[in-house]
Amino acid sequence: MARPPPCGYRHDLSGPVVSFAGVSFRYPSSGPVLRDVSLAIPPQSHTCIIGPNGGGKTTLLRLMLGQLTPEAGEIRVMGCPPHRACKHVGYVPQHTVLRRGFPITVGEVVLTGCIDRHWLGWHRPSCGADAEAVMAELQITDLRRRPFDQLSGGQRQRVLIARALVGNPSLLLLDEPTANIDPAVGRLVRDLLANLSRRLAVVTVSHDLDYLSTRLDRVFFVDHRLREVAPEAVTSEAVWQLFRHREPGAVS
Ligand code: ADP
């Protein structure tokens, strides 16, 4: 029987895109940040992670990205250890590291999503066409030559999502994608992500309770421990109760 290709090349979507089993984590200088977290995120789904400040939401994303290693438990991303699956994961961080005034155009920002270690830091030859396709899908082709730092908050967010999508990921992780944009534009971004979740798994950390009105398949409340909430049961009263009854010993 032929052996499956090794992790890093394999693209196993027959099971959950992300699974955590009994995962606990702490930073060297902190108390426990996540305790005994188990979850499963299916392909082509839309998941929102909510919870109080300091509850461990960003840490959860960083574990999915393989930037952090759990102290206990097991994490699999597309059947592999997270750091071996990163080729198939797109990430939109909460804060861009681009300095204001840095001379880079929208098209160049999108192309940075293609940088592939196997090409010694250069992008793959097919990348130009991939970037064009993603810019067309996100309706930012007209912005291609504009300096990135001259865009509105909503335009920037579309460009950063395009950058994350250009490698054709199966999992898209976003940290607060509607922070710092007005409610109307926030709605466009939420609708865009809901549409994308028809073809890939979209996982969003959000403080924006409007996000919970979007079509969601999974809602996780993270306050050091994780609780799954049925999307249809997520009312503003239910969320308020979750925030009121914080995990004992929670610090933030
Ligand atoms: P959230 O995204 O829910 O606001 P975070 O995951 O950012 O929470 O942080 C969870 C806890 O871990 C917080 O108490 C925070 O201060 C702490 N923390 C986050 N990053 C670090 C770090 N690099 N070193 C030490 N503690 C950290």
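Residues numbered from 1 in each chain as written. Predicted model: local features only at pLDDT ≥ 70, side-chain atom pairs only at ≥ 80, totals over all residues. Heavy atoms only, no water.

S.K.: Help me understand the environment of Glu71, please; the structure alone is not making it clear to me.
M.R.: In this fold, Glu71 is placed in the loop between helix H1 (57-64) and strand E4 (72-77). In contact with Glu71, other than residues within four places in its own chain, are Ser24, Phe25 and Arg26. At 3.4 Å, the side chain of Glu71 forms a polar contact with the side chain of Arg26. (Helix = DSSP H or I, 4+ residues; strand = E, 2+ residues; numbered from the N terminus. Contact = heavy atoms within 4.5 Å. Polar contact = N/O pair within 3.5 Å; in protein donor to acceptor, adjacent residues only side chain to side chain.)

S.K.: Looking at this structure, how should I read the site of the ligand?
M.R.: In the vicinity of the ligand, the residues found are Tyr27, Ser29, Val33, Pro52, Asn53, Gly54, Gly55, Gly56, Lys57, Thr58 and Thr59. One of the side-chain N or O atoms of Thr59 is found 2.5 Å from an oxygen atom in the ligand. Burial of the ligand by the protein chains amounts to 62% of its free accessible area of 560 Å². Considering every element that reaches the shell around the ligand, the biggest residue donor is H1, with three residues. Looking at the shell around the ligand residue by residue, the classes come out as three nonpolar, seven polar and one charged. (Near = heavy atom within 4 Å. Areas by Shrake-Rupley, 256 points an atom, 1.4 Å probe, with all protein chains shown as cover. Nonpolar A, V, L, I, M, F, W, Y, C, P; charged D, E, K, R; others polar.)

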